[in-house]
Every structure is written in C-alpha cells, then in structure tokens.
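Below, each chain spelled out in residue letters.
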Amino acid sequence: MGGLQKKKFERGSATNYITRNRARKKLQLSLPDFRRLCILKGIYPHEPKHKKKVNKGSTAPRTFYLLKDIRFLLHEPIVGKFREYKIFVRKLKKAYGKTEWSAVERVRENKPTYKLDHIIKERYPTFIDALRDIDDALCMCFLFSTFARTGKCHVQTIQLCRRLTVEWMNYVIASRSLRKVFLSIKGIYYQAEVMGQLITWVVPYQFSHDHPVDVDYRVMATFTELYTTLLGFVSFRLYSSLNLVYPPKLDSNGESEPKEESEDDYAMNSESYLEKLSALSASLARVVSSADEEEAQLDQFPSEGEDMEKMEAREKELKQQEAQKKLFEGLKFYLNREVPRESLAFVIRCFGGQVSWDKSVCIGSTYDVTDETITHQIIDRPSVGKQYINRYYIQPQWLYDCVNAKILLPVEDYFLGVTLPPHLSPFVEEKEGDYVPPEKLKMMALQRGEKPGNEQEEDEEEEEEEGEQEEEEEQEEDDNGDEEDDEEEVAEEKNLKKMEEQRSQGKSLHVKVTPGKLKVENKARLEQEEKAEEKRLAIMMMKKKEKYLYDKIMFGKKRKVREANKLAAKRKTHDDAEKAKKKKARK
Amino acid sequence: MKKAGGKTALKRSKEGDEEQNQIFNFNRKPADEDKDDDLSDSEDSVYSGLEDSGSDSEEEEGSDEEEGSDDDDDKMKEKKEGEVSEEKKKDEYEHDSSDEEDIRNTVGNIPMEWYKDFPHIGYNLDGKKIYKPIRNKDELDDFLDKMENPEYWRTVHDKQTGSDIVLSDDQVELVNRLQRGQFGDVNFNEYEPMVEFFSSDVMIHPVTNRPADKRSFIPSLTEKEKVSKLVHAIKMGWIKPRRVEDDGRGRYYNLWASEDSSILARHKMHLPAPKIPLPGHHESYNPPPEYLFTDEERALWEQQDPADRKLPFVPRKYSSLRQVPAFSQFIHERFERCLDLYLCPRQRKMRVNVNPEDLIPQLPKPKDLQPFPTTRSLVYRGHSGLVRSISVSPSGQWLASGSDDGSVRFWEVCSSRCMKTVQVGGAVKSVAWNPNPSVCLLAVALDSVVLILSPSLADKQVILSSERLLSAQQEGEEPAEGNGSVVWSEAEGEELNQGLRLKIQHPKAVHQVVWHAKGDYLASVMPDNTSHLQVYIHQLSRRRSQNPFSRNKGLVQCVSFHPIRPYFFVATQRSIRIYNLVKQEMTKKLQTNSKWISSMAVHPGGDHVICGSYDCKLSWFDLDLSTKPYKMLRHHKKAVRGVAYHRLYPLFASASDDGSVIVCHGTVYNDLLQNPLIVPVKVLRGHVMTHDLGVLDVTFHPTQPWVFSSGADATICLFT
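Residues numbered from 1 in each chain as written. Chains lettered and ligands numbered in written order. Predicted model: local features only at pLDDT ≥ 70, side-chain atom pairs only at ≥ 80, totals over all residues. Heavy atoms only, no water.

- For chain B, an unreviewed UniProt entry supplies the name Ribosome biogenesis protein BOP1 and the organism Haplochromis burtoni.
- On record in UniProt, under Sequence similarities (unreviewed entry), the comment for chain B is "Belongs to the WD repeat BOP1/ERB1 family."
- Its UniProt record, at the heading Function (unreviewed entry), says of chain B: "Component of the PeBoW complex, which is required for maturation of 28S and 5.8S ribosomal RNAs and formation of the 60S ribosome." (UniProt positions renumbered as here; feature names shortened; annotations may be inferred.)

Okay, structure coming up:
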C-alpha cells in the first residue's frame, strides 16, 4: 500500500493535552511554584473527552492541562521571578550555613519581588470583567483582614487586606450601592450592585479563628496576593468613577485636619488614619467638591405596547431603588456596645442614616447617648437601665430586615426582649410551586402596602385558613398524581368483580335479577382519565433516551413538590404545637 | 597560681602584700613567690590594664617592656624585682606540685596516724627525719598549759611538724576577718570608684602611651585581598547594589485607562468560574422553624458521609445576634473554594431546558384507532391450576384451555359456560385448535405426548369430516415405523368417549404444538439442548412424523408456520431462524437483541413477526426491512409470556408476568415504503398475581376485536 504506518498518540487529542508533571518539567518549575503560577494566571486543568486516548492508553488518574495553556505560560515573565526567588533562597541558606551574617544581610536586601499588574490586565481585559470576578477577592480579603497579626501569613498582607476592605466599604457607602444583607450562621452576607454587577461577599463574625491544620495557607496566600492587587485596581477605578480621592481621604469640611502628609504619602500609612476610615462614620473627600449630584433622569422615549409596559416596570423599579437608597435618611442611630459595630455602621451609612456609638468602643463617634435627637438605639441585651422616651430600643435584626424588605418595617416585633421573627434570606426567589414561608408572605403583603391585622386572633384565623388551603393543595396535588388513577382503576375492578361474583353466585344458586343501579358518570372526570391514559400510553412509546430524560425531569419535579410539602407539614406541626402551648398557658 | 595572682593583683596594694608576707613567716617562700607575681602583676594592672584582656604571655612581655619606660618612683621596686626574679627562677622547679603549701614535711597529704609508731613524723626537704617532740603532751599537760599559759588560746598545733605555733595579734585579726567574710587585707577598699576606660566619651589622650605600630601606617594586604574580591564580585555581577526600596504593593493606578477591545482568543475560550451559590433560608441565624432539623433529620445528617449531605452544616437558631458564635468551617470553606478555582476542570455544560411534555411523542389518539378491547367482560372459571394455554376455534365459538390441573376444558365464548372437560392426566403445556374450519380437532401437548382431540362441538358434517381425516390413513400403510422414536397410537375405550382420538408418543417432554394453516401438518417442540431432536413435524393425514433438522442450533423455544408460504419459524433462545421447507434451507436469521425469547407470533400477512422475551421486551420484526428488530417495545415491567396477532384487525397483544395485557395497534401498510405504525392503545388488567406469575397466554378472537388471556390465578378473561 505504501506510506508510513501511523503511530499512535501522535495526533488528535493526545497532542492537545499535557499532564501536570510534564507541564511542570516543561516549565522547569517545582510543584509549589507551578501551583502558584496556575493560580496567578488562572490556568485550570481540563478533562479530556477520551481519557484513555489522551493518557496514551493508560487509565491512571492524571490531571491534564491544555498544551496551549502551558505554552502560554512559557512566556510569562513571572516564571523568571520565581526562579530568581529560588536562587535567592539558596543563597540565603548558604550564607546562613556559613554564618556569614553580612552576606545574609546583603542577600536579604536583594530579595526579589514581583508585580502582578500585567497579569490582572491580561486576565481581565476590561474593567467589567474584573468587577464580575471580584466576589471571591472580597471574601478572601475580608477573611484575611480578620486574621490575627501573628503567624499564618505576613502582617503586611493582613494590613493591606484590611485597608482594601475598608476602602471597598467606604466606596459602597459613598455610592450607596448596597442591596441586600443576610445574617447567616457563617457570617454576614452583603450584596451590592456596582455598575450593574451584583457582587456578593461574606464577612465572618468578629471572633478569633482557630486555624485548621489541614488547610494549606500557601495556596490561600497566593490567592490573596492576586486578589489584593485586583481589588486595589478595582477600588482605584471605582473611586475615580465617583470623583473620590484615592487613596481615600476623609472629608475635611468640618474639621480642619493639618495636612502634614505630602500628596505622595499614602494616607493609610498612618495606622490611626486607617482606624478613622474604618470607623465608617465620616464621608470621603471628593476631587471635585460638589453638592448633591443630580441623578440622571430616565428620558422618556415614545414607545408602544409591550415596550411601554417594560419601560414602566423599569421606571417603577428605579423608583423603588431610589427609595431604598434613602431608607434610613433622617434617622439617627445609636449603637450599644454589644452589637457588631462595623456591620451596622456600614449598613446604616449605606442607606443614608446617621450613626454613632460610645466613644470607648471606637474612634469616630459623632454624638453621645444623651443626644435627644436619636431616633433608634440598637441594642442586643435583655434589658437596659435608663431608657429615653423619645427613641426606639430595637434589636439589630430590624435594620437588616428593613434593608431586605426595602421598607421600614414596624418596630414592634423587634423591641427589647421580644422574641424576634425569623430572619429570611433575601437571596431566595421563590418560583411557582416552591414553598414560601409565611413570614415572607407577610413581608410581601407589607411591601404591597397592605396593613396586617393587628389582632392576634385574626392572625390565627388566617393561619388556619392557610393551613386548610395547603391541605387542599396537597389533595389536589395527589389527585394529579398517578397513584390516584390507579386507585380508581382498582376500585372499578372491584366493582366489576363484585358484579361478576354476583353473576357467578347467581349461576350456582338461582338466577335472580336485581334492579340495576344507575352509575353516575362524571364526564369531566372520564375525560381526564382518558387523557391521563393516553399520556401514559404515549409515554410507553417514548424512545429510551427520551424516556430517561423525561423520567429524570419528572423525578426532579416530584422531589421538589415533596420537599415543599414536607416543609409545609413541618411548619404546620410546629404552629399547632405553639398554639397548644398558648392555650395551655391561657388556662 | 599565676592567674589567681593576676586576679588578686588588681585588688591589692603593695603594702598589703608586704604585710602579708610578714604575717605568714612559716610560709615564707611561696608567699615571696606570690608577692613577686603580685608585684609584677600589679604594675601591669596599673599601667597596662588595657592590654589585660589579651593573652597571658603577651601580658608578661608587655609588662617587661613597660618596666623600662616607668617613672623614677618605681626604680626601687625595679631593683627589688630583679632580685626577686632571680629567686623565682631558683624556686621555680623546687617542687612541682602547686597545691602543696606546707613543704617542710615532705610526706605529703597522708593521715599522720601512719607515723604513730615511729619516732619521727616525716622528712624535711633535705631528706632528714623530722623527729617528734621528745615528750608527748598528755591530757594533764594540756590542762595545765591551758590553765597557766595565757597564750594558750592563740596556740595552734601543727600536726605536720608536731610543734605548737603561737599566733600573733595580726594573724588573729586576720583569722577573725576571714571568719567574718571580709577581705584579709585591712586597707583594701572594696568600693573603689570604677574608672571607665571604655566609654562613649572620646578622650584627648590615648589610653596608652605606646607608639603606633608600623602596620598601622602601611596598607593591609589581607584587606586588599578582601576588597579586590568584592570588586571582582561586583564586576562579575555577583553582588548587586542595594535595591531601591520600591513599595510596589499597594500602589494602584488606573489599570484599565486604555481599554482596548482587542479580545484575545484566550478570553473567548475562557470559562469564568461559577459563583458560589447564594445562601437560602436554611443558613439564617434565626430561620423559620420548618427549616430546622428534627431529631431524625439530624441523626441522618450525622450518619451521612460529608460528601452525600444535602447541607454542609446543621441549621441553627439563635434567639439574638449576640449569641451567634464563630463558624468553625469558615476558613475551610474558603480554602475549598480556592481549591475549586485552581484544581477543578471546567466544562461548559449545556443544560437541557426542555418541557417534559414536548418529549412525549405525538401519536394518533387511541379513540381513532378503535375497535380494540377495552373492558373485561367475561371471566371463565373452573380450572384449579394455572392455565398455561388457550386456543379459540376457527369459528370463534369455542375456547379450549389447558391447565396444570390435568384437564382440558372447552368453553362457549359468549356464555362463559364450560361445555366439556377432558381429563388428560397430566399438566397440559399447550393446546392448539386446528385452524382448518372444515375440521374440528384440538392438539394437546402434555408430558411427552401429543393428543389429538375431537371435541365434537360443531356441525355433524364437520365432526364427520374430522373423523374421516383421522381414520383416513388407517387403511393405508403404517408409516410410523419409518421414524422409530415417534409412535402413533389410537385411543381406546374410555378415552375414545371423551373425544380422544390419537396419541403421538414423543421421546421427550413436549412443550408446544402448532398447526399449519391448512390443518394437516402439526409441529411439536421438545426443547433440549443436547440433541438435534427438538422439533417434529407430523402429518396427520398420513400419520407420518419427521425431524426437519439434523443439527442442533440451540435451545428451541417455540416454532410457527408461515400462514401462506412454506416457511417455518424456529425461535431459539436469542434468535429466530426462518427455514424454507420446500428448498430445505435457512432463508433468514433474525437477531432479537434479547436474552431469552419466550413467545413468537407471525402476522397473518406473513411479513412481520413479533416476539416476546423474558427480559420484558417485545420486538417487532419487519422481514422485508432487516434482520434487526424494527421496534423494541419495553412496555412491560416483567417477563413477557405470550404474544398474539389478530387475524383481521391491525392489533397485537402481549401478556406479561406483571398481570397486564397490553393491546397495541399495529397497522401494516401494503405500501412497502411505509413502515408499520405501532401505537399502544390499551392496558388491560384482570388477573391476580399468583406465585409471581401473571398472565400466561393471550390469544385473539378470530373475527371479533376481542382478546382472551389465561392467568396463573386459574381464570381466563375475555376483554371486549
């Protein structure tokens, strides 16, 4: 036949992938360095379609990277820096070994450093790309900023993280872009809308961490390195978009701060300044000092039909958003010392409220407890000694619930020592058929502007009604289910059997004619049954593949219904138990 | 010694030394030596204290050198020192041991009792004996001495020499001072002010008056070497100048100032990591009560493997924000996320977003495909064992059934009356009514016998014609001999009265009998894996049997005749073979793709075959299309036991162990281009499951759209 014999694994997918070890060898990097490089450059492994083909016939579990990715890494200047660092470590070790302290010092002074700016630019070619990926960066920085300044990682990193997070919070306050807050058992989730991107981050509660042993802090530190750079550049851009000075400076309208620092000096270099900034109580200095910025009015375009409706909906939404931004405007809060100051101050300031706290808690408090104009005092203890008449003493959950509900909720449920209503996640958007907790329904009613019944009894009645409705729903659901049909069939069969038995009995004994009974046929029912049967028969004729898919979808649907029913049932039993308790208490 | 001397030298003054020498006169020599040392050292200490930190030898040299340059005051001492140094040299090697102080007695450090019995107590330096005092003092002497001698209290007995020594006032004073822990020297000031030589103040004068060394004027060679090494290292680039401290971190600028829209191919390919799912109500610190775990759920959660858990945490409720503790897994979760980001392969997954209703195929409505059986209208009761086989007479008036209770029953179809019961004495495996309408005969298979019954349930003429058919060959020769293993015999006596006409004895157990459409030929199946004797074809009119196959091709499950052409279908476990009986060759082999065929039916047109199998499948073959099934139907949940075609209507039915009979509409078009249309139209249930068996056989009424089914519950049902 002629021609060379084709060798295996020399073309096709086998040449597109490279195993991790081979990639490492190609780059001449140690495994930790390779790992760091992958983290910084955002290279991740790929799962080939045919593993055996790529793995040259072997089925050993291996990690594969795209060869293109590895080639791309070859030209990365940071690889050279890694090698330099390796050499630096070797020199340092040698000098130590020889106890040449002057050499140690000299080597130390020449420790190689590298910058990640170009990587950020390369990974995120546009600003929006960077913004989209900032969730993880924020979470990580917020976590690192809560670390103790000893062990685990460099103090500079922790300080930088703290600085960046404070800058971020200040930006969110200045732009008033916070949308949702959620107190979870893990930490506090925040969601902000920045330039149309929803950004969610979680902040752990303020406790010291007990560091787990099975966590590789080197990996975390590498990520943090990348994230701090990213977050810094994003903050810069965001600040400049709001005409704010970056690095942030406090607005020095009120107090004339002596400007000792030159323009070049970074404001954050002084620890106290960072503290002041992190107090979150003062607004930031602007490049162009302007009074209230005028909001861009949505222009009216002549439109028809559906477009019109959409426009209206959008306008309504915008209005609602505007209202939410000014949720706490005009309110004056005072934080007791036992509440999480930073979180609350952040939330209050994000929605235009004024906030202060005890002077001994943190710097930056603006007014005292004795201030008569305070409208709300946030408090989280069962009782308080001296109470002022002209202010509400409420628990911190009220603030968060208000933010999520986008309205000021009635304060009665959140008074001092009152059992709090459940705190719901604002991130859950119930679809049709999902279980909606009654608290959410109540909140939605409030949002629509309906007044809830004040009397307890009405509530109870409502609840009862709800319960009944639920039951009915359940029944209906059951009706829809196949089982019911089967049951009916069985019933019919029973009838038939009876008739037959009668007949046979008639044969064996004596022939007897009994007056027939009119069988009332429900037409609609019959039609339904017929349709159900038709469907069942059609399902029988489905192809195997489609049947599998169909079964899977239906299974998922049924499970959802089942779960919703389970939750509803659980709620009902709980409510019943509560009611019984109440009755007993009354007696 | 020297060192000790050096130390004390710093502290003592000269007078003190002299006094001391006077005091211990018996210690003269070593004391002198001491003094000499002291002297030289003290000089040293006064004038060259700075050099003191150096080595001892240097010190001595230094002191020697300095001596010459000293002031006049010291000249006296100098002379003295000269003498002393001579003395020192003399003394130096007199005795080696340095720790021995008293050297008048050379016996050494031994218990003096050893000399108790001798007149002497040792030897002096010259080797002469030292004699004890002539008269030893006894107690009385001692006492008298104590009483009389005023110096007694300051008298010390020297054991070594055996003499008494009277201490002087100074010596007593010294002892007292030492006992008090004070310095021996009275004039020594312990608290002299310290002169700070090594202070930060720069003094005008040098500490020593020594002229500068020569080496301080000429450049050092070693230093030169060192410097040249450094220079070389710098030249070669081994040593770099100190890096300018640039705080690159934390200095930010507008990175996206020139946002070029040139998007690399990489970015097109880039898959952003999925975001972390947002928390639900479960995660709240104060969730609604229904989201909290009950005890069972909690136990289940704890039992489950962490990977299987639906929620990675237990929902908790805290009555106030103050009580919420730190989440112990926080760092862990972050770390997991990091690992996911750089270790997880990413893939674009296309989510199927289909409406499940769209997946259901659009079939013609069953209503439009009527007639087909829909309801169970009659039940035939009477058997006491499971009814294995049923067959309908070609006229459609009679139904024959064979059961495990050893009887064959004949029923009138319309009235469900049992017209006749024939006890055959064995579990009936198969019954088949002769399809020829001009005769009325029934073939029954039980054990290893095939019986031909004439039930006489027809017109007289038909009965007569069937009798004639049976008796026709009696006159002819006996062909049974030709095939030794099969024996044809006539029924006699009682059996004849019951309608039994012929017995065909087989060598093995017969499982199935089938008639040819003409009614003259009859095939019987004896499944046996070991021999080629599995199928017999009998000719009734000539009472002849033959085995068409000479080779065993597998376990034969069932056979069937082609309704029109001389073809013969043989179903083995996994395939169906079609033989041409005229040419005596195999024409086709159908692959069923099922594990074990249970039953088979041939379409009255002869171009289609359905076959049911024990692995719940029903396969439809279009013989013109291919040898693979045209359609596989998995309608049943359990093994398919029987299948049947309707002779006139486009219907077929399958019976299964799950107790249901499924009737399907299967239109076969004359147009060869159009594939058959198969639509399930009805699921019929009427049999009760017994012993895990449901419906065992199914057959259609020859003219009406009715279907009969026989079940393991000993009943036969008619669905109309």
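Now that the structure has been shown, we can carry on.
1. With respect to the confidence of the model for chain A
Residues and elements named next belong to chain A.
Thinking step 1. Chain-level pLDDT for chain A is 82 on average; 83% of the residues reach the 70-or-more range.
Thinking step 2. Strand E5 (residues 197-204) holds the highest mean pLDDT among the elements of chain A, 94, whereas helix H18 (residues 456-480) holds the lowest, 44.
Thinking step 3. Note that pLDDT drops below 50 for residues 290-296; the model gives that stretch 3 contacts with residues more than four away or on any other chain.
Thinking step 4. This stretch, residues 454-485, has a pLDDT under 50; its non-local contacts, to residues over four places away or in other chains, come to 22 contacts. (pLDDT = per-residue confidence, 0-100. Helix = DSSP H or I, 4+ residues; strand = E, 2+ residues; numbered from the N terminus. Contact = heavy atoms within 4.5 Å.)

2. Some points on the sheet that holds strand E9 (residues 417-423) of chain B
Residues and elements named next belong to chain B.
Thinking step 1. A sheet is described by the order of its strands in space; here 4 strands give the open sequence E6-E7-E8-E9, paired in antiparallel fashion. If you trace the sheet from one side to the other, it starts and ends with strand E6 (387-392) and E9, each paired once. In this sheet, adjacent strand axes meet at a mean angle of 20 degrees when their direction is disregarded. (Pairing = 2+ DSSP bridges. Axes fitted to C-alpha atoms, helices over the stretch in contact; angles between N-to-C directions.)

3. A word on the sheet that holds strand E10 (residues 428-433) of chain B
Two orientations exist for strands paired in a sheet by backbone hydrogen bonds: parallel and antiparallel.
Residues and elements named next belong to chain B.
Thinking step 1. Read from one edge to the other, the open sheet built from 5 strands follows the order E10-E11-E12-E14-E13, with strand pairing classed as antiparallel. In this open sheet, the two strands that pair with only one neighbour each are E10 and strand E13 (487-490). Averaged over all pairs of adjacent strands, the angle between their axes in this sheet comes to 20 degrees, without regard to strand direction.
Thinking step 2. Sheet topology note: the strand E11 (residues 442-446)/strand E12 (residues 449-453) ladder contains 5 bridges and is antiparallel. Each bridged residue has a counterpart across the sheet, and for Val444 the counterpart in E12 is Leu451.

4. A word on the confidence of the model for chain B
Thinking step 1. For chain B, the mean per-residue pLDDT works out to 78, and 82% of the residues sit at or above 70.
Thinking step 2. In the predicted assembly, ipTM is 0.83 and pTM is 0.65.

5. Comments concerning the packing of helix H15 (residues 341-350) of chain A against helix H16 (residues 397-405) of chain A
All names here are of chain A.
Thinking step 1. H16 packs onto H15 with a crossing angle of 35 degrees between their chain directions and a minimal axis gap of 11 Å. For the element pair H15 and H16, the recorded crossing hand is left-handed. Contact residues: Ser343, Leu344, Val347 and Ile348 in H15; Leu399, Tyr400 and Val403 in H16.
Thinking step 2. For the contact of H15 with H16, the per-class residue count stands at 6 nonpolar, 1 polar and no charged. (Left-handed = near helix turned anticlockwise from the far one by under 90°. Nonpolar A, V, L, I, M, F, W, Y, C, P; charged D, E, K, R; others polar.)

6. Remarks on the nonpolar core
Residues and elements named next belong to chain A.
Thinking step 1. Ranked by size, the top nonpolar core spans 133 residues in total, and within it Trp168, Leu178, Trp201, Phe328, Phe346 and Trp398 carry the most contacts.
Thinking step 2. For this core, the element with the most residues is helix H12 (residues 217-241), which contributes 13 residues.
Thinking step 3. In contact with Phe346, other than residues within four places in its own chain, are Met169, Val172, Ile173, Leu178, Tyr190, Trp201 and Leu280. (Core = buried A, V, L, I, M, F, W, Y, C linked by side-chain atoms within 4.5 Å. Buried < 20%, exposed > 50% of the residue type's maximum accessible area, 1.4 Å probe, protein only.)

7. Some thoughts on a positive patch on the surface
Thinking step 1. On the surface, A:Lys81, A:Arg83, A:Lys86, A:Arg90, A:Lys91, A:Lys94, A:Lys98, A:Arg106, B:Lys240 and B:Arg243 cluster together to form a positively charged patch.
Thinking step 2. With 6 residues, the single largest contributor to the positive patch is helix H6 (residues 77-97) of chain A.
Thinking step 3. Within the secondary structure, A:Lys98 is located in the loop between H6 and helix H7 (101-109). (Patch = residues over 30% accessible without salt bridge, like charges linked within 9 Å, V, L, I, M, F, W, Y side chains within 5 Å. Areas by Shrake-Rupley, 256 points an atom, 1.4 Å probe, with all protein chains shown as cover. Salt bridge = Lys/Arg side-chain N within 4 Å of Asp/Glu carboxyl O. Lys, Arg positive; Asp, Glu negative; His and termini not counted. Charge placed at Lys NZ, Arg CZ, Asp CG, Glu CD.)

8. Focus: the environment of A:Phe333
Residues and elements named next belong to chain A.
Thinking step 1. Assignment of secondary structure puts Phe333 in strand E6 (residues 332-335).
Thinking step 2. Overall, Phe333 belongs to the buried group, its relative accessible area being 0%.
Thinking step 3. Distance in space between the C-alpha atoms of Phe333 and Ile374 is 5.9 Å, their sequence separation being 41 residues.
Thinking step 4. Those residues in contact with Phe333, other than ones at most four positions away along the chain, are Phe328, Ile348, Gln354, Val355, Ser356, Tyr367, Ile374, His376, Ile378, Trp398 and Leu399.

9. Details of the packing of aromatic side chains
Thinking step 1. What the rule picks out here adds up to 41 aromatic pairs over all chains.
Thinking step 2. Aromatic pair A:Tyr96 and A:Trp101: ring centres 5.7 Å apart, planes at 75 degrees, arrangement edge-to-face.
Thinking step 3. When its relative accessible area of 38% is taken as the criterion, A:Tyr96 is described as partly exposed.
Thinking step 4. Of the aromatic side chains, those joined through ring pairs into one cluster are A:Phe142, A:Trp168, A:Tyr171, A:Tyr190, A:Trp201, A:Phe236, A:Tyr239, A:Tyr246 and A:Phe346.
Thinking step 5. A cation sits over an aromatic face here: A:Arg391 above A:Tyr388, 4.1 Å from the ring centre.
Thinking step 6. The side chain of B:Arg309 reaches across the aromatic face of B:Trp301, ending 3.8 Å from its centre. (Phe/Tyr/Trp six-rings, centres within 6.5 Å; stacked < 30°, edge-to-face > 60°. Lys NZ or Arg CZ within 6 Å of the ring centre and 35° of its normal.)

10. Digging into the interface of chain A and chain B
A common way to state how big an interface is: give the accessible area lost once the parts meet.
Thinking step 1. Counting residues at the interface gives 123 residues for chain A and 100 residues for chain B.
Thinking step 2. Overall, the association of chain A and chain B removes approximately 9,700 Å² of surface from exposure, summing both partners, and the carbon and sulfur fraction of that is 61%.
Thinking step 3. Three residues, A:Ile185, A:Lys186 and A:Met541, lead the burial of chain A against chain B; their summed loss comes to 9% of the area buried on that side.
Thinking step 4. Applying the counting rule to chain A against chain B returns 12 salt bridges.
Thinking step 5. Notably, a salt bridge pairs B:Arg334 with A:Asp136, separated by 3.7 Å at the nearest N-O pair.
Thinking step 6. Scanning the region where chain A abuts chain B turns up 31 residue pairs in polar contact (both at pLDDT 80 or more).
Thinking step 7. Of the residues contributing to the side of chain A that touches chain B, the split by class is 63 nonpolar, 17 polar and 43 charged. (Buried area = accessible area lost by both parts, 1.4 Å probe. Polar contact = N/O pair within 3.5 Å; in protein donor to acceptor, adjacent residues only side chain to side chain.)

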